[in-house]
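# Geometric and topological summary
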Amino acid sequence: DAGITQSPRYKITETGRQVTLMCHQTWSHSYMFWYRQDLGHGLRLIYYSAAADITDKGEVPDGYVVSRSKTENFPLTLESATRSQTSVYFCASSEGSGSPGTQYFGPGTRLLVL
Amino acid sequence: AQSVTQPDIHITVSEGASLELRCNYSYGATPYLFWYVQSPGQGLQLLLKYFSGDTLVQGIKGFEAEFKRSQSSFNLRKPSVHWSDAAEYFCAVGTHASGGSYIPTFGRGTSLIVHP
């Protein structure tokens, strides 16, 4: 099915481990985004990408790394997971520039760092 | 810097009653405004958006929102709420980013509870 998918949907890891969350979209949207959602904070932007090989920091980028070698994929890596990174992570995509595009969200990845 | 305020953390309404969710924004230029809905365990879905033109915007699921520049508001309304409307609602303002696109800044959300 076309759309935006995230994997895994649930992940439990330990402090200090590296974790990679995957995001894949089938629309060839230019823009992709990573958000984290925490109670009382709404959605906060971690990183975004305007195109393959172009990424930029959002509001809360510390402790995260992204890459975008292909238009359809936008993985998010926690290099050394901390308990404060326990959260729900959402990937989103939108069409290109020129006007505010609708964002399409994936189902989310629930990450627990022990 | 841009910001979005949703003053109500929770709103409780009875099924069939009318609904208004408040959203206030702070942004120096012409705002691009969005309302998204998040059902439990799901990602966000766009309800409606305002770019320009008519200040009353119609969306999906019977929702509408009115842009009031003088009040810096973009409140979401529905004349008659259904139990399936129970969800988290997010207001967002789109701000310029590199490459010419717009990055939404989200409010903290309002949780809608619907009583039968």
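Residues numbered from 1 in each chain as written. Chains lettered and ligands numbered in written order. Predicted model: local features only at pLDDT ≥ 70, side-chain atom pairs only at ≥ 80, totals over all residues. Heavy atoms only, no water.

## Considering the side chain of A:Thr109
All names here are of chain A. In this fold, threonine 109 is placed in strand β11 (residues 109–113). The class of threonine 109 is buried, set by a relative accessible area of 0%. Among the polar contacts made by the side chain of threonine 109, one reaches the main-chain carbonyl oxygen of proline 8 at a distance of 2.6 Å. When residues no more than four places from it in sequence are discounted, the contact partners of threonine 109 are Gln6, Ser7, Pro8, Arg9, Leu21, Ser87, Val88 and Tyr89. (Helix = DSSP H or I, 4+ residues; strand = E, 2+ residues; numbered from the N terminus. Buried < 20%, exposed > 50% of the residue type's maximum accessible area, 1.4 Å probe, protein only. Polar contact = N/O pair within 3.5 Å; in protein donor to acceptor, adjacent residues only side chain to side chain. Contact = heavy atoms within 4.5 Å.)

## Thoughts on the packing of aromatic side chains
Centre distance and the angle of the planes are the two values used to describe a pair of aromatic rings. One pass over the full model with this rule turns up 18 aromatic pairs over all chains. Aromatic pair A:Phe105 and B:Tyr36: ring centres 5.7 Å apart, planes at 80°, arrangement edge-to-face. Linking A:Phe105 in strand β10 (residues 104–105) with B:Tyr36 in strand β5 (residues 32–38), this pair reaches from one chain into another. Here A:Phe105 falls in the buried class, since its relative accessible area comes to 10%. Given a relative accessible area of 0%, B:Tyr36 falls into the buried group. Seen in terms of ring centroids, B:Phe63 and B:Tyr89 are 5.6 Å apart; in terms of plane orientation they differ by 50°. Their pairing is tilted. Residue B:Phe63 is found in the loop between β7 (56–58) and β8 (64–68), and its partner B:Tyr89 is found in strand β10 (residues 87–96); the two are separated by 26 residues along the sequence. We classify B:Tyr89 as buried; its relative accessible area is 1%. (Phe/Tyr/Trp six-rings, centres within 6.5 Å; stacked < 30°, edge-to-face > 60°.)

## With respect to the pairing of strand β3 (residues 19–25) of chain A
Residue and element names in this part refer to chain A. Alternating positions in β3 separate cleanly, Val19, Leu21, Cys23 and Gln25 being buried on one face and Thr20, Met22 and His24 remaining unburied on the opposite face. Direction of pairing for strand β1 (residues 4–7) relative to β3: antiparallel, over a ladder of four bridges. Counterpart to glutamine 6 in the pairing with β3 is cysteine 23. Note that β3 and strand β8 (residues 76–78) share three bridges and pair antiparallel. Within the sheet, the bridge partner assigned to threonine 20 lies in β8 and is threonine 77. (Pairing = 2+ DSSP bridges.)

## Digging into the pattern of salt bridges
Within this structure, the stated rule accounts for seven salt bridges over all chains. Here the residues in one salt-bridge network are A:Arg36, A:Asp38 and A:Arg44, joined through shared partners. (Salt bridge = Lys/Arg side-chain N within 4 Å of Asp/Glu carboxyl O.)

## What about the environment of B:Gly16?
All names here are of chain B. Structurally, the position occupied by glycine 16 is in the loop between β2 (10–14) and β3 (19–21). Taking C-alpha positions, glycine 16 is 4.6 Å from serine 80, a pair spaced 64 residues apart along the chain. When neighbours within four sequence positions are excluded, glycine 16 is seen to be in contact with Pro79, Ser80 and Val81.

## Here we look at the state of the cysteines
Residue and element names in this part refer to chain B. Tallied over the entire structure, the rule returns two disulfides over all chains. The disulfide partner of cysteine 23 is cysteine 91, and the S-S distance across this bridge is 1.9 Å. Across the S-S bond linking cysteine 23 and cysteine 91, the dihedral sits near -65°, which makes this disulfide left-handed. Taken together, the positions of cysteine 23 in the loop between β3 and β4 (24–26) and cysteine 91 in strand β10 put the pair 68 residues apart, joining distant regions of the chain. Take cysteine 23 and cysteine 91: they sit in the same class, and that class is buried. (Disulfide = S-S within 2.5 Å.)

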